[in-house]
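Architecture and fold: a report
The residues making up each chain are set out below.
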Amino acid sequence: MIRRHYVLGAATLLAGLSLPALAQRGDDDGEFVILQARYGTDRNHVDVTDQLRQLARRDRRVRLTNDLFGVDPDPGRDKYLRIYARDSQGRERRFDYPERAWIDGGQFTAWGAGRWGEPNYNGGWAGNPYRDRHDDGSYTILHANYGTPGREVDVTGRLRELARRDERFRMGNDTFGVDPDPGRDKRLIIIARDPNGQQRSFAYAEGSWVDGSQFTGWRRGDWGR
């Protein structure tokens, strides 16, 4: 009888230890390994890999605020965090987070453990080679218009700014800061060229998600007239 209690007690203890361990390991098995993190603007930016590692050890999710890293590399301008990472196939990807955005470490390998970062990584800022599987879409954007048939404006430049911030965004009434036809439902029309040189249009209604993964060089912004 005593032996039975001992075995049950040991099993209970092991279960209590193993469940959190499994949960912790599962929360740290993201797809991408972080190479480097930089914070700032295209004009001025600094390496914040070590600071981000410290934050990651405290929590899985971090909100990007002005004073998060204790440095302001470009006062008076909106800044963002740029994380360079590599997937299991050796392909590099860049993640951009604007101020006030949430950073979820669940997609990064060993996020909480802090076992990441390459001191000699030289991907740079805009000089990154962009070997990103999500930046190699099939269609090259030529231009983008927003509005209604007969009343629309060219928003190629504004779309380029949005693309550099995130791969996906939801289009709302104030996305482009202009209302070419008040009181009517509007849509975004993207005109692109496929690998064979044929043009194709993509239409997005208000409230829908725009996914840039199908467009070549989406985040680089090297498209459009």
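Quick summary incoming for the structure in this document. (Residues numbered from 1 in each chain as written. Predicted model: local features only at pLDDT ≥ 70, side-chain atom pairs only at ≥ 80, totals over all residues. Heavy atoms only, no water.)

Some details on the pattern of salt bridges
This is how it is decided: The term salt bridge refers to a pairing of a side-chain nitrogen on Lys or Arg with a carboxyl oxygen on Asp or Glu at a separation within 4 Å.
Enumeration over the complete set of coordinates arrives at 15 salt bridges. With a closest N to O distance of 3.4 Å, D181 and R184 form a salt bridge. Members of the salt-bridge network, linked through shared partners, are R43, D74 and R77.

Some words on the pairing of strand β1 (residues 33-40)
Inclusion rule: The buried label applies to any residue whose accessible area, calculated with a 1.4 Å probe on protein chains only, is under 20% of its type's maximum; exposed applies above 50%, and partly exposed to all values in between. Only DSSP runs of H or I covering at least 4 residues are called helices, and only runs of E covering at least 2 are called strands; the numbering of each starts at the N terminus. At least two bridges found by DSSP between two strands are what make those strands a pair.
Here β1 lies mainly inside the structure; seven of its eight residues are buried. Bridge count between β1 and strand β4 (residues 80-86): seven bridges; the pairing is antiparallel. Within β4, the residue paired with I34 across the bridge is A85. Where β1 meets strand β2 (residues 45-47), three bridges bridge the pair, whose relative direction is antiparallel. Directly across from Y39, in β2, lies its bridge partner V46. Hairpin geometry of β1 and β2 is characterised by an intervening segment of four residues between the two adjacent antiparallel strands.

Quick notes on the environment of A203
Test applied: Contacts between residues were defined by any pair of non-hydrogen atoms, one from each residue, lying within 4.5 Å.
Summarising the element assignment, A203 is placed in strand β11 (residues 199-205). Classification of A203 as exposed rests on a relative accessible area of 57%. If near-sequence neighbours (up to four positions away) are discounted, A203 is found in contact with L188 and I189.

What about the sheet that holds β4?
Applied cut-off: Angles here are taken between N-to-C directions and fall from 0 to 180 degrees, while the axes themselves are lines fitted to C-alpha atoms, restricted in helices to the stretch in contact.
Read across the sheet, four strands follow the order β2-β1-β4-β5 without closing on themselves; strand pairing throughout is antiparallel. A single partner strand is all that each edge strand has here, and the edge strands are β2 and β5 (92-98). If you compare each strand with its neighbour and ignore which way they point, the axes differ by 25° on average. Running over the sheet, helix α2 (residues 49-58) touches β1, β2 and β4 and is turned about 110° from β1.

Focus on the sheet that holds strand β10 (residues 187-193)
Reading across from one edge, β8-β7-β10-β11 is the order of the four strands in this open sheet, with antiparallel pairing throughout. Each edge of the open sheet is held by one strand with a lone partner, namely β8 (151-154) and β11. If you compare each strand with its neighbour and ignore which way they point, the axes differ by 25° on average. Bridge analysis of strand β7 (residues 140-148) against β10 gives seven bridges, and the strand direction is antiparallel. In the sheet register, N145 faces β10, and the bridge partner there is I189. Packed onto the sheet, helix α3 (residues 156-165) meets β7, β8 and β10 and runs at close to 115° relative to β7.

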